[in-house]
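The chain contents come next:
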Amino acid sequence: MKTYDLRSDTVTLPSPAMRKAMHDAEVGDDVYADDPTVNRLQEMAADITGTAAALFVSSGSMGNLIPVYLNCGRGNELLIDSRGHIVQHELASCTAIAGAMPVTIPTEKGILDVSLLEGRIQPDIYYCQHTRMVELENTHNAAGGTFYPLAVLRGIAAFARRRKLTVHLDGARLFNASIASGASVKDISACADTVTFCLSKGLGCPVGAMLCGRRDFIAEARRVRKMLGGGMRQAGIIAAAGVYALQHNVQRLAEDHENARVIAAALAGTSWAALDPKDVATNIIYFDTPGRDAEDVVKALERAGIRCGASGLHTIRFVTHLDVSRKDAKQVAAIVGKLKLS
Ligand SMILES: Cc1ncc(COP(=O)(O)O)c(C=O)c1O
């Protein structure tokens, strides 16, 4: 029986063409900035985001931590949506390592706006910590792959400039956000001082993320990356996968969004899944399992050939990705449609 793995868009395997690019990569010692493939990937990332420079980091978590370390700093605070990846799934690194305090703001769909940020900035009194940063997640993972309208991002950017805050964009799924919102990656990135995007999610690479920003910021980020143990040597082997992905795997993300809609429509037609398919904005589907333990539904789905994960007592997440074709999505929809739960 074929298994459809919808646990995350991180489960993709490098394709034969990506592996060939990795095999053929020209490499050098990147701690000496000597690796031509890493340098090329960094130039491509800066170019795509319209930033001055970029740094290849080992993970999205590292790409989020470094800006908090440098631009927020010890004893200061950052404003973030309460379900943000940084606060939920990065082992409190912004506090444990960067010494910064996240101030979590509840939102309906993971999307902050100026009205939610105003009034959250600490007064300039000596016994109050400084508010230094706003952290945005686009698309928003835990809120269901939701994306920021460009006008909202621009409003936050202007607000941050007025209040002398830096903006970090956790764009682990930046390209999904761009495709779904119709805003260019450059326009989205221009609303932030620092941007991280992941190579090992929808883009299908085995490892890596890109941290983008001003040239002086990236020079400092390189030092912090080394401090965190992230200085890599012949990293061109893995950077080559990133170069390949940026050339071949960006535009196709629209297919993942369409596949998610196909599956969501099937889920909405069952008696055991509750969701509004209109809430599926990109490649992430959350649905509730009213009256049923989500773990039991996950097990039943696994027996039927669909791997997924519970995201709460009564909530399950499906994620579509590069290794789920349209045919696979239709097959998943058929399995879901037939599944009867007692
Ligand atoms: C929105 C978001 N940001 C950051 C990360 C962290 O990426 P990594 O697993 O590469 O550290 C993830 C991972 O799933 C994510 O979904």
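Residues numbered from 1 in each chain as written. Predicted model: local features only at pLDDT ≥ 70, side-chain atom pairs only at ≥ 80, totals over all residues. Heavy atoms only, no water.

A. Region of the structure containing the overall build of the protein. Of the regular secondary structure elements, the protein holds 14 helices and twelve strands. In terms of C-alpha radius of gyration, the protein reaches 20 Å, essentially the compact-globule figure of 20 Å for 342 residues. With the principal axes as the frame, the protein shows a C-alpha extent of 60 × 55 × 35 Å. A burial count over the protein gives 54% of its 342 residues as buried. Partitioning the intrachain contacts of the protein with sequence separation of at least 6 by distance along the chain shows that 73% fall at a separation of at least 24. (Helix = DSSP H or I, 4+ residues; strand = E, 2+ residues; numbered from the N terminus. Rg over C-alpha atoms; globule rule 2.2 N^0.38 Å. Buried < 20%, exposed > 50% of the residue type's maximum accessible area, 1.4 Å probe, protein only. Contact = heavy atoms within 4.5 Å.)

B. Fine view of the nonpolar core. Core analysis: the biggest nonpolar cluster contains 56 residues, and Phe 56, Leu 136, Phe 197 and Met 210 have the highest contact counts within it. Discounting chain neighbours no more than four positions away, the residues touching Met 210 are Leu 41, Gln 42, Ala 45, Ala 54, Leu 55, Phe 56, Val 57, Val 195, Thr 196, Phe 197 and Leu 199. Formed by 28 residues, the second largest nonpolar core is a distinct cluster that contains Leu 6, Val 324, Ala 329 and Ile 335. (Core = buried A, V, L, I, M, F, W, Y, C linked by side-chain atoms within 4.5 Å.)

C. Quick peek at the environment of Ile 125. Tracing the backbone shows Ile 125 in the loop between helix 6 (114–117) and strand 5 (131–137). It is 51 Å that separates the C-alpha atoms of Ile 125 and Tyr 244, two residues lying 119 residues apart in sequence.

D. Focus on the side chain of Ser 189. Looking at where Ser 189 falls in the secondary structure, it is placed in helix 9 (residues 185–189). In this structure the side chain of Ser 189 is engaged in a polar contact, spanning 2.7 Å, whose partner is the backbone oxygen of Val 185. Non-local contacts of Ser 189, meaning those with residues more than four positions away in its chain, are made with Thr 49, Leu 174 and Val 195. (Polar contact = N/O pair within 3.5 Å; in protein donor to acceptor, adjacent residues only side chain to side chain.)

E. Seen up close, the domain arrangement of the protein. By the assigned domains, the protein splits into domain 1 (16–248) and domain 2 (252–338). A C-alpha centroid distance of 28 Å is found between domain 1 and domain 2. On the side of domain 2, twelve residues touch domain 1, which itself brings 17 residues to the contact. For the pairing of domain 1 and domain 2, the buried interface totals around 1,200 Å² over both sides, and the portion due to carbon and sulfur atoms is 58%. The tally of links from domain 1 across to domain 2 stands at one salt bridge. At the junction of domain 1 with domain 2, the criterion picks out five residue pairs in polar contact (both at pLDDT 80 or more). The biggest single contributor to the side of domain 1 that touches domain 2 is helix 8 (residues 174–181), with four residues. When the residues that make up the side of domain 1 that touches domain 2 are grouped by side-chain class, the tally is six nonpolar, nine polar and two charged. (Domains from an automatic or database assignment. Buried area = accessible area lost by both parts, 1.4 Å probe. Salt bridge = Lys/Arg side-chain N within 4 Å of Asp/Glu carboxyl O. Nonpolar A, V, L, I, M, F, W, Y, C, P; charged D, E, K, R; others polar.)

F. The site of the ligand, seen in detail. Around the ligand sit Ser 59, Gly 60, Ser 61, Asn 64, His 85, Glu 90, Glu 137, Asn 141, Asp 170, Ala 172, Arg 173 and Lys 201, and those are all the residues in its vicinity. Asp 170 is positioned such that a nitrogen or oxygen atom in its side chain is 2.7 Å from a nitrogen atom of the ligand. Contact distances for the ligand include 2.9 Å between an oxygen atom and a side-chain N or O atom of Lys 201. A total of 390 Å² of accessible area belongs to the ligand in isolation, and the protein chains cover 83% of it. (Near = heavy atom within 4 Å. Areas by Shrake-Rupley, 256 points an atom, 1.4 Å probe, with all protein chains shown as cover.)

G. Seen up close, the state of the cysteines. Considering all chains together, one arrives at zero disulfides under this definition. Left without a disulfide partner, Cys 212 is nearest to the cysteine sulfur of Cys 198, which lies 11 Å away. Residue classification places Cys 212 among the buried residues on the basis of a relative accessible area of 0%. (Disulfide = S-S within 2.5 Å.)

H. Local environment of the sheet that holds strand 5. Spatially, seven strands are ordered 2-8-7-6-5-3-4 in an open sheet, and the strand pairing comes out mixed. Of all the strands in the sheet, the pair left with one neighbour each is strand 2 (53–57) and strand 4 (101–105). Direction aside, neighbouring strands of the sheet carry axes that sit 20 degrees apart on average. Sheet analysis places strand 7 (residues 194–198) next to strand 8 (residues 209–213), joined by four bridges and oriented antiparallel. Looking at strand 8, one finds that Thr 196 is bridged to Leu 211. The strands that helix 10 (residues 215–227) touches are strand 2, strand 7 and strand 8; relative to strand 2, the one it contacts most, it runs at about 15 degrees. (Pairing = 2+ DSSP bridges. Axes fitted to C-alpha atoms, helices over the stretch in contact; angles between N-to-C directions.)

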